[in-house]
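Next come the chains, spelled out residue by residue.
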Amino acid sequence: MNPEEIDTEWVERFPGLSRLEPATKKLLLQRSTVVSMPESTVIFGPGKSPENMLFLLSGTVRVQQVSETGHEIVLYRINAGESCVLTTACLLAYDDYSAEGIAESAVKAAAVPRQVFDDLVAQSPSFRNFVFAAFSKRITDLFLMIDEVAFQRMDVRLAHKLIELSKGGDQISTTHQKLSVELGTAREVISRQLQEFQRRAWVEQSRGTVRILDRAQLEKLAARD
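This is a predicted model, so every value here is computed, not measured. (Residues numbered from 1 in each chain as written. Predicted model: local features only at pLDDT ≥ 70, side-chain atom pairs only at ≥ 80, totals over all residues. Heavy atoms only, no water.)

Considerations on the layout of surface pockets
Part 1 of the argument: Approximately 840 Å³ is the volume attributed to the largest pocket.
Part 2 of the argument: Taken together, 36 residues make up the lining of the largest pocket; nearest its centre are Tyr76, Arg77, Lys137, Arg138 and Asp141.
Part 3 of the argument: Put simply, the parts of the chain that give the lining of the largest pocket at least two residues each are α1 (15-18), β6 (72-79), α3 (85-93), α5 (125-151), α6 (154-166) and α7 (176-183).
Part 4 of the argument: Of all the elements, α5 adds the most residues to the lining of the largest pocket, at 12 residues.
Part 5 of the argument: Grouping the constituent residues of the lining of the largest pocket by class yields 18 nonpolar, seven polar and 11 charged.
Part 6 of the argument: Put simply, the second largest pocket is a space of about 600 Å³.
Part 7 of the argument: What lines the second largest pocket is a set of 23 residues, and nearest its centre among them are Arg62, Arg77, Glu104, Leu165 and Glu182.
Part 8 of the argument: Among the elements of the structure, β5 (60-66), β6, β7 (100-103), α6, β9 (171-173) and α7 are those that each provide at least two residues to the lining of the second largest pocket.
Part 9 of the argument: Among the elements that make up the lining of the second largest pocket, the one with the highest residue count is α7 (four residues).
Part 10 of the argument: Its residues assigned to classes, the lining of the second largest pocket comprises five nonpolar, nine polar and nine charged.
Part 11 of the argument: Both domains that meet at the lining of the second largest pocket, namely domain 1 (3-149) and domain 2 (153-222), each give it at least three residues. (1 Å grid on protein atoms, 1.4 Å probe; cavity = no way out; pocket = protein on both sides within 12 Å on 5 of 7 lines; lining within 4 Å. Points joined across faces, edges and corners; volume = space filled by probe spheres on them. Helix = DSSP H or I, 4+ residues; strand = E, 2+ residues; numbered from the N terminus. Nonpolar A, V, L, I, M, F, W, Y, C, P; charged D, E, K, R; others polar. Domains from an automatic or database assignment.)

Shown next as structure tokens:
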């Protein structure tokens, strides 16, 4: 992580933090460090203990779980204006990470030392409320993901993921392997399902790219329970 000159306004980018008491804001700004990391940086990983609470200012971080057999699944992403629930959990429990966080783009974050985090959780009700509100929302999202993995059909999940990754466009830069990690399944399963989508003329595939041809049909499938 590369430290930079402190951004005296970063607290205002987080709705929950912007409502903190002036003294608490001042402490956060005085004791935090703004750091930058290039794309593909492994920010944290299994067995490592968090030394800072990171508040993401720009970029995206992918948090994923890797099994002993090498099987991967994306748990969630952290975007600008968010903090990491896994880091929160590890700081609160004095535990090590059980997953890894990887910068999907160049990222910038405000790093708040563990001691400052501990003191504010203990002494500031508004900071504590912010931490647990963000924590509970992400836990709810994780339960929804577990429900999807356990109970939803793969074609429905893949259609939903393609729409999500397209961000309103038609071209998606991805591979079968990356989609398998996103959805927690084997690459072969993704390949078979994309072939079926292509047979129906919903998508068109080329190397490293999936092009959406019939968004309406994908959205109709993704809307199924």
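Next, the rest of the story.
Some points on the packing of aromatic side chains
Part 1 of the argument: The final tally for this structure, using the stated rule, is eight aromatic pairs.
Part 2 of the argument: Consider the rings of Trp10 and Phe14, whose centres lie 6.0 Å apart with planes at 85°: the pair is edge-to-face. In this pair, the class of Trp10 matches that of Phe14, namely buried.
Part 3 of the argument: Both rings, one in Phe55 and one in Phe130, keep their centres 6.0 Å apart while their planes meet at 35°; by these two values the pair is tilted. Separated by 75 residues along the polypeptide, Phe55 in strand β4 (residues 52-58) and Phe130 in helix α5 bring together distant segments of the chain. In this pair, the class of Phe55 matches that of Phe130, namely buried. (Phe/Tyr/Trp six-rings, centres within 6.5 Å; stacked < 30°, edge-to-face > 60°. Buried < 20%, exposed > 50% of the residue type's maximum accessible area, 1.4 Å probe, protein only.)

Concerning the side chain of Thr174
Part 1 of the argument: Along the polypeptide, Thr174 turns up in the loop between β9 and α7.
Part 2 of the argument: Exposure remark for Thr174: the relative accessible area of 8% places this residue in the buried category.
Part 3 of the argument: Among all residues touching Thr174, those that are not within four sequence positions of it are Leu179, Gly208, Thr209 and Val210. (Contact = heavy atoms within 4.5 Å.)

Here's the deal with unusual backbone geometry
Part 1 of the argument: Positive phi is not limited to glycine here, since Ser40 has a value of about 80°.
Part 2 of the argument: The topology assignment puts Ser40 in the loop between β2 (33-37) and β3 (42-44).
Part 3 of the argument: With a phi angle near 50°, Tyr94 is a residue other than glycine that sits in the positive phi range.
Part 4 of the argument: Along the polypeptide, Tyr94 turns up in the loop between α3 and β7.

Points about the packing of α7 against helix α8 (residues 187-199)
Part 1 of the argument: Their axes nearest at 8 Å, the elements α7 and α8 cross at an angle of 110°. Accordingly, the angle class assigned to the pair α7 and α8 is roughly perpendicular. Judged by residue contacts, His176, Gln177, Leu179, Ser180 and Leu183 of α7 engage Arg187, Ile190, Ser191 and Leu194 from α8.
Part 2 of the argument: Classifying every residue of the contact of α7 with α8 gives four nonpolar, four polar and one charged. (Axes fitted to C-alpha atoms, helices over the stretch in contact; angles between N-to-C directions. Parallel < 35°, antiparallel > 145°, perpendicular 65-115°, else oblique.)

Some details on the domain arrangement of the protein
Part 1 of the argument: Here the domain parsing of the protein yields domain 1 (3-149) and domain 2 (153-222).
Part 2 of the argument: Taking the mean C-alpha position of each, domain 1 and domain 2 sit 30 Å from one another.
Part 3 of the argument: Carbon and sulfur atoms make up 48% of the surface buried where domain 1 meets domain 2, a total of about 660 Å² over both sides.
Part 4 of the argument: For the pair domain 1 and domain 2, the number of links is one salt bridge. (Buried area = accessible area lost by both parts, 1.4 Å probe. Salt bridge = Lys/Arg side-chain N within 4 Å of Asp/Glu carboxyl O.)

A look at the sheet that holds β9
Part 1 of the argument: Taken in spatial order, the three strands make up an open sheet running β9-β11-β10, and their pairing is antiparallel. The strands lining the two open edges of the sheet, one partner per strand, are β9 and β10 (203-206). Sheet twist, expressed as the average angle between the axes of neighbouring strands with direction ignored, equals 20°.
Part 2 of the argument: In terms of strand pairing, β10 meets strand β11 (residues 209-212) through four bridges, oriented antiparallel. Across the sheet, residue Ser206 finds its bridge partner in β11, namely Thr209.
Part 3 of the argument: Each of β10 and β11 touches α8; the most contacted strand, β10, lies at about 125° to it. (Pairing = 2+ DSSP bridges.)

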